[in-house]
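Observations on chain architecture
What follows is the residue order along each chain.
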Amino acid sequence: MAEGGAVKLGMSLDEIIDKSMNGRRTGRRSGSEDMQIERKNSGVRKPATRSNTRGRRNSRQPRSDRRGDREEDENQQLIDEGVAAGEFIKVSGESSTKKVAGKIAHDARSGEPPAMLCKGASSLNQAVKAVAVARQYLQEEGSDLTCQPAFRDDKQQASLALYLAKRKPVSFPKRNVFELTGGKDSDPHKMAGALAARVREQKAVCLTGIGEEAVARCIRAICHGRLYLEEDKVDIKALVTFVTVEKNDDSLNAVRFNIIVESVVDSI
């Protein structure tokens, strides 16, 4: 398997940085149509959750951003503020993978990477491809990036937040890995059950999706898996990468989510 993937060429990283710096000096939007980004504001809080005291930037992110109707309005207000401050990126199905990846890598170098807000399979597919590209940028500099998704609606469908965290490079096993292959018709709940079972057995596990709908179902499976594992006092993150898989004598590009397991200690 080789990491790699065809990505449409877009704005260069230098242009992204220049636009970002101009936006910070003027306090106005950078002008990108597919990213709503403004200058940083350290006073902006993360979406209200029962985990609010932990801080959005630490390693333990909320497993679901919405816990009830009373919190929904406050959540949305804080998310809007986060978008305006550049702490969140709204990713659509039309977003440029290269541009989003450049923004993620730039912010990771200077501090913390932004979270991404996605809705729908196309949006999720573009977002995770951007994470995989950003990982390639950062790995060349001795850093890495994990992705931790969380549902943003009560129906637990395709409206998600993808929380990113910069970290030192981590090795993932190349052998004896239990692989869950997601298809466009795969049931995320069943995939999550199998994922949680492998984690409880302390086995290395990954999810692989070919095509945007399959990738979206893999992400939703990770979200459900995080909820299933909550009582086990563990949480999971993903290392997103491009791979090539053989299917029916054809070589196909796919997205793989290598699962990283972490123990959870409740806050007092």
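Small disclaimer: the values here were computed from a predicted structure and weren't measured.

**A word on the overall build of the protein chain**
Secondary structure summary: the protein chain contains 6 helices and 8 strands in total. Listed by position from the N terminus, the elements making up the protein chain come as α-α-β-α-β-α-β-β-β-α-β-α-β-β. Here the protein chain holds 268 residues, and 50% of them are scored as buried. For the protein chain, the exposed area adds up to about 13200 Å²; of that, 45% sits on carbon and sulfur atoms.

**A short note on the side chain of aspartate 235**
Summarising the element assignment, aspartate 235 is placed in strand E7 (residues 234-247). Since its relative accessible area comes to 4%, aspartate 235 is described here as buried. A polar side-chain atom of aspartate 235 sits 3.2 Å from a polar atom in the side chain of glutamine 148.

**Here's the deal with helix H4 (residues 121-139)**
Each α-helix winds once per 3.6 residues, and so residues spaced three or four apart point in a common direction. For H4, spanning 19 residues, the distance from its first C-alpha to its last is 27 Å, which sits close to the expected 27 Å at 1.5 Å a residue. Across the 19 residues of H4, 15 count as buried, placing the element largely inside the fold.

**Looking at the state of the cysteines**
Each disulfide consists of a covalent bond between the sulfur atoms of two cysteine residues. On inspection of all chains with the given rule, the structure shows 0 disulfides. No disulfide involves cysteine 118; its sulfur sits 8.5 Å from that of cysteine 147, the nearest cysteine. This cysteine, cysteine 206, is not joined by any disulfide, and cysteine 218 carries the nearest cysteine sulfur, 9.3 Å off.

**Some remarks on the pattern of salt bridges**
All chains considered together, the criterion is met by 11 salt bridges. Taking the shortest distance from any N to any O, the salt bridge between glutamate 201 and arginine 198 comes out at 2.9 Å. Since its relative accessible area comes to 41%, glutamate 201 is described here as partly exposed. Take arginine 198: its relative accessible area is 16%, and that puts it in the buried class. For the salt bridge of glutamate 201 with lysine 203, the shortest nitrogen-to-oxygen distance reads 3.5 Å. A network of salt bridges, in which partner residues are shared, links Arg167, Lys237 and Glu262.

**Digging into the environment of proline 149**
Note that proline 149 resides in strand E3 (residues 144-151). Among all residues touching proline 149, those that are not within four sequence positions of it are Leu160, Ala161, Leu162, Ile219, Ile222, Cys223 and Arg226.

**Structural notes on the packing of H4 against helix H6 (residues 212-228)**
The contact between H4 and H6 brings their axes to 8 Å, and the two run at 80°. Between H4 and H6, the crossing angle belongs to the class labelled roughly perpendicular. Across the interface between the two elements, Ala121, Ser122, Leu124, Asn125 and Val128 from H4 touch Glu212, Glu213, Val215, Ala216 and Ile219 from H6. Across the contact of H4 with H6, the residue classes break down as 6 nonpolar, 2 polar and 2 charged.

**Considering the environment of serine 171**
Locating serine 171 in the fold gives a position in the loop between strand E4 (159-167) and strand E5 (178-182). Judged by relative accessible area, serine 171 falls into the exposed class, the value being 68%. In this structure the C-alpha to C-alpha distance between serine 171 and isoleucine 260, which are 89 residues apart in sequence, comes to 9.9 Å.

**Looking at helix H3 (residues 97-110)**
In this model H3 runs 20 Å from its N-terminal to its C-terminal C-alpha over 14 residues, within 8% of the 20 Å that 1.5 Å per residue would give. Looking only at H3, the buried set comprises Thr97, Val100, Ala101, Gly102, Lys103, Ile104, Ala105, His106, Asp107 and Ala108.

**Points about unusual backbone geometry**
Non-glycine residue glutamine 202 carries a positive phi angle of around 60°. Among the structural elements, glutamine 202 can be located in the loop between helix H5 (188-200) and strand E6 (205-209). At aspartate 249, a residue that is not glycine, the phi angle is positive and equals roughly 65°.

Cut-offs used in this document
Residues numbered from 1 in each chain as written. Predicted model: local features only at pLDDT ≥ 70, side-chain atom pairs only at ≥ 80, totals over all residues. Heavy atoms only, no water. Helix = DSSP H or I, 4+ residues; strand = E, 2+ residues; numbered from the N terminus. Buried < 20%, exposed > 50% of the residue type's maximum accessible area, 1.4 Å probe, protein only. Areas by Shrake-Rupley, 256 points an atom, 1.4 Å probe, with all protein chains shown as cover. Polar contact = N/O pair within 3.5 Å; in protein donor to acceptor, adjacent residues only side chain to side chain. Expected span 1.5 Å × (residues − 1). Disulfide = S-S within 2.5 Å. Salt bridge = Lys/Arg side-chain N within 4 Å of Asp/Glu carboxyl O. Contact = heavy atoms within 4.5 Å. Axes fitted to C-alpha atoms, helices over the stretch in contact; angles between N-to-C directions. Parallel < 35°, antiparallel > 145°, perpendicular 65-115°, else oblique. Nonpolar A, V, L, I, M, F, W, Y, C, P; charged D, E, K, R; others polar.

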